[in-house]
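Secondary and tertiary structure notes
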Amino acid sequence: NAGVTQTPKFQVLKTGQSMTLQCAQDMNHEYMSWYRQDPGMGLRLIHYSVGAGITDQGEVPNGYNVSRSTTEDFPLRLLSAAPSQTSVYFCASRLTGAHEKLFFGSGTQLSVL
Amino acid sequence: QQPVQSPQAVILREGEDAVINCSSSKALYSVHWYRQKHGEAPVFLMILLKGGEQKGHDKISASFNEKKQQSSLYLTASQLSYSGTYFCGTENGGSNYKLTFGKGTLLTVNP
């Protein structure tokens, strides 16, 4: 099993550009989520999904869009990148029962100039 | 709303003990603990469900006080490998299963 796969690992954008961060998992996890990590701020939830066709906002959703057309994939879209979106992004997934841990991808370092 | 972790940072000598606290303003269904090394993804340590249970993982254990909406992580006889940032993640129940993390506690263990 590959687990949670994120691409790309690194990305540099110019202000106003758009891009999609890809996330895929092969563990048949219902729950998938995106976090951003900034120094001193911990892991902040951007968007999450509990199944195909179901998404909801987390703590910091502004400037990001998501969709969940399949169980496996949960892409994160930046429609018009801003310098404030410079961060490390983690995708994570889990089953939805009790005692189910979160599996993290390896992260994407995004810089917006 | 992020749970509150304390302390923000702690420095230990090898063999010393530490306690990291996590508290929430909302009722908790479960508390997760993860450790992150620099430049890596967070790694799972343990989950505690409401009911006041206590769990252990090697010399790392945790407790969960549902009434106080708090959890504590205990690191005993710390090793160099324990260095990293510790995050608690809280789940408030319901059907959304979302996990909200605190800002983390940076633990440094020196020889």
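In what follows, the structure referred to is the one given above.
Here the structure is a predicted model, which means the values were calculated and not measured.

A short note on unusual backbone geometry
Of note, the amide linkage connecting T7(A) to P8(A) takes the cis form, showing an omega dihedral of -5 degrees. In this fold, P8(A) is placed in the loop between strand 1 (4-7) and strand 2 (10-13). Phi angles above zero are rare outside glycine, and N28(A) is one such case at about 60 degrees. The exposure class assigned to N28(A) is exposed, which follows from its relative accessible area of 54%. Phi is positive for A77(B), which is not a glycine, with a value near 50 degrees. Secondary-structure assignment places A77(B) in the loop between strand 8 (70-75) and strand 9 (84-91). We classify A77(B) as partly exposed; its relative accessible area is 25%.

Re the pairing of strand 3 (residues 19-25) of chain A
Residue and element names in this part refer to chain A. Of the two faces of strand 3, only one is covered, namely that formed by M19, L21, C23 and Q25; the face formed by T20, Q22 and A24 stays uncovered. Where strand 3 and strand 8 (residues 76-78) come together, 3 bridges link them in antiparallel fashion. Each residue of the ladder has a partner; that of T20, found in strand 8, is R77.

Quick notes on the side chain of S78(B)
All names here are of chain B. Of note, S78 is situated in the loop between strand 8 and strand 9. There is a polar contact of 2.8 Å between the side chain of S78 and the backbone oxygen of E16. Sequence-distant contacts of S78, defined by excluding residues within four places in its chain, comprise L12, R13, E14, G15, E16 and V109.

As for the nonpolar core
Counting 21 residues, the largest nonpolar core has W33(B), M46(B), L73(B), L75(B), Y82(B), Y86(B) and L107(B) as the members making the most contacts within it. Those elements that place two or more of their residues in this core are strand 2 (9-13), strand 3 (18-23), strand 4 (30-36), strand 5 (43-49), strand 7 (60-65), strand 8, strand 9 and strand 11 (105-110) of chain B. When residues no more than four places from it in sequence are discounted, the contact partners of L73(B) are A18(B), V19(B), I20(B), W33(B), L45(B), M46(B), I60(B), S61(B), A62(B) and Y86(B). Counting 18 residues, the second-largest nonpolar core is a separate cluster that includes M19(A), F74(A), A81(A) and C91(A).

Reading the values: the criteria
- All residue numbers here refer to positions counted from 1 along the written sequence of the relevant chain.
- Think of it this way: whatever chain is written first is A, whatever ligand is written first is 1, and the rest follow in order.
- With pLDDT at 70 or above as the cut-off, local features in this predicted model cover only qualifying residues; side-chain atom pairs require 80 or more to be listed or tallied, and sums for whole chains, interfaces and linings still use all residues.
- Neither water nor hydrogens contribute to the side-chain values; these are computed over all heavy atoms in the structure.
- Helix numbers and strand numbers start at the N terminus; a helix is a DSSP run of H or I with at least 4 residues, a strand a run of E with at least 2.
- Relative accessible area decides the class of each residue, using a 1.4 Å probe on protein chains only: under 20% of the type maximum gives buried, over 50% gives exposed, and in between gives partly exposed.
- We call two strands paired when DSSP finds no fewer than two bridges between them.
- Polar contact is the term for a pair of N or O atoms within 3.5 Å; when the atoms are in protein, one must be able to donate a hydrogen and the other to accept it, and sequence-neighboring residues count only if both atoms are side-chain atoms.
- In what follows, a contact means two residues having at least one pair of non-hydrogen atoms within 4.5 Å.
- What we call a nonpolar core is a set of buried Ala, Val, Leu, Ile, Met, Phe, Trp, Tyr and Cys residues that are connected through their side-chain atoms within 4.5 Å.

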